[in-house]
Amino acid sequence: PDLLAAKIPAVSRDRLHHVRMQATALSEGRTIVMQSVPFPSATTELYFDIESSPVRDLEFMFGVLVVEKGKETYHSFVAKKPEEEGEAWKSFLTFIKTYPEARIYHFGWYEIEVMKRMSAKYGEVDLVEKIIASQMHDLLIMIRDAILFPLHFYSLKDIAKLLGFSWRGAEASGVNAVVWYEQYLKTRRKAKLQAIIDYNEDDCRATFVVKKWVAEKAGE
């Protein structure tokens, strides 16, 4: 880093050091903790994931894993028809309102973007802004610079699989969830809808696994 910093003034030494350590993690196949991650204390934690259809510009499932007093309970709020998106959203928001002190973890920016878009579309903008500001935590942002995994991409699936988590469905993916939803709308086969619910639950549980591992290894 010292040698390169003199030759690349546009890049800070700290950034060069970070890149070097990421290369070390990759070349040696080990995870490196760069700094601690301060998780806020909470008696209840919610792990949140959304399923969307870009084909229909639709948010058709909101999933939440509640972790409280050692118990894990999953809840899904589903639009079984495209026109039920608003109903699913409102049911989800009503549920979230019952946990005003809970910490809500999600992985990546998408959940916050959808929360803002849904509140603009269906109401409760002030409430949603308050939830985002005081309760929601993007796990990816929290760990991106603090933990260096021996991975080229920091997707939820990549990290959770590295930590030993596995999804129930071999074909489980966000793309296939869209395909299954289209098939469900055409056939009304409950198995297709259940496959999406299982996939969403596994995403929520994967987020919990990553957070729990980081809290144990690098938490304050």
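Just so it is clear, the structure is predicted and the values come from calculations on it, not from any experiment. (Residues numbered from 1 in each chain as written. Predicted model: local features only at pLDDT ≥ 70, side-chain atom pairs only at ≥ 80, totals over all residues. Heavy atoms only, no water.)

**Examining the packing of helix 4 (residues 110-122) against helix 5 (residues 125-134)**
Working note: a packed helix pair is described by the angle between its axes plus the distance between those axes.
Then comes step 1: With their axes 8 Å apart at the nearest point, helix 4 and helix 5 run at an angle of 165 degrees to one another. Accordingly, the angle class assigned to the pair helix 4 and helix 5 is roughly antiparallel. Here helix 4 runs over helix 5; the crossing is right-handed. In contact with I112, M115, K116, S119 and A120 of helix 4, helix 5 contributes V125, V128, E129, I131 and I132.
Then comes step 2: Among the residues making up the contact of helix 4 with helix 5, the classes are represented as 7 nonpolar, 1 polar and 2 charged. (Axes fitted to C-alpha atoms, helices over the stretch in contact; angles between N-to-C directions. Helix = DSSP H or I, 4+ residues; strand = E, 2+ residues; numbered from the N terminus. Parallel < 35°, antiparallel > 145°, perpendicular 65-115°, else oblique. Left-handed = near helix turned anticlockwise from the far one by under 90°. Contact = heavy atoms within 4.5 Å. Nonpolar A, V, L, I, M, F, W, Y, C, P; charged D, E, K, R; others polar.)

**Let's talk about the nonpolar core**
Then comes step 1: One finds F48, F62, V64, F92, M115, I143 and V214 to be the most contacted residues of the largest nonpolar core, which totals 70 residues.
Then comes step 2: The element that contributes the greatest number of residues to this core is helix 9 (residues 190-218), accounting for 11 residues.
Then comes step 3: Ignoring any residue separated from it by four or fewer positions in sequence, one finds V64 in contact with L46, Y47, F48, T73, Y74, H75, F77, F92, F95, I96 and C204. (Core = buried A, V, L, I, M, F, W, Y, C linked by side-chain atoms within 4.5 Å. Buried < 20%, exposed > 50% of the residue type's maximum accessible area, 1.4 Å probe, protein only.)

**Looking at the packing of helix 8 (residues 174-187) against helix 9**
Then comes step 1: Direction vectors running N to C along helix 8 and helix 9 enclose 155 degrees, while the axes themselves pass 8 Å from each other. Overall, the two elements helix 8 and helix 9 adopt an arrangement that is roughly antiparallel. The two elements helix 8 and helix 9 meet at a crossing, and its hand is left-handed. Here G174, A177, W180, Y181, Q183 and Y184 of helix 8 lie close against helix 9, whose contacting residues are K192, L193, A195, I196 and Y199.
Then comes step 2: Looking at side-chain class alone, the contact of helix 8 with helix 9 contains 8 nonpolar, 2 polar and 1 charged residues.

**What to know about the packing of aromatic side chains**
Then comes step 1: Tallied over the full model, the rule gives 15 aromatic pairs.
Then comes step 2: Ring plane angle 10 degrees and centroid distance 4.0 Å describe the contact between F60 and Y181, whose orientation is recorded as stacked. Note that F60 is positioned in strand 3 (residues 58-68) and Y181 in helix 8, a separation of 121 residues in sequence. For the pair F60 and Y181, one class covers both residues: buried.
Then comes step 3: Relative to W167, the ring of F165 lies with its centre 5.0 Å away and its plane at 85 degrees, an arrangement referred to as edge-to-face. Both residues of the pair, F165 and W167, belong to the buried class. (Phe/Tyr/Trp six-rings, centres within 6.5 Å; stacked < 30°, edge-to-face > 60°.)

**Some remarks on the pairing of strand 5 (residues 103-106)**
Then comes step 1: As judged from the 3 bridges shared by strand 2 (residues 44-53) and strand 5, these two strands associate in the parallel manner. Counted as the bridge partner of L46 is I104 from strand 5. (Pairing = 2+ DSSP bridges.)

**Description of the side chain of E182**
Then comes step 1: Tracing the sequence through the fold places E182 in helix 8.
Then comes step 2: If sequence neighbours within four positions are ignored, E182 has contacts with S53 and R56.

**Details of the layout of surface pockets**
Then comes step 1: Here the largest pocket is characterised by a volume of approximately 550 Å³.
Then comes step 2: Along the walls of the largest pocket sit 25 residues, with D49, I50, G174, Y199 and D203 positioned nearest its centre.
Then comes step 3: Listed by contribution, the elements that provide at least two residues to the lining of the largest pocket are strand 2, helix 4, helix 7 (156-162), helix 8 and helix 9.
Then comes step 4: In terms of residues, the lining of the largest pocket owes the most to one element, strand 2, which gives 5 residues.
Then comes step 5: For the lining of the largest pocket, the class distribution of residues is 13 nonpolar, 7 polar and 5 charged. (1 Å grid on protein atoms, 1.4 Å probe; cavity = no way out; pocket = protein on both sides within 12 Å on 5 of 7 lines; lining within 4 Å. Points joined across faces, edges and corners; volume = space filled by probe spheres on them.)

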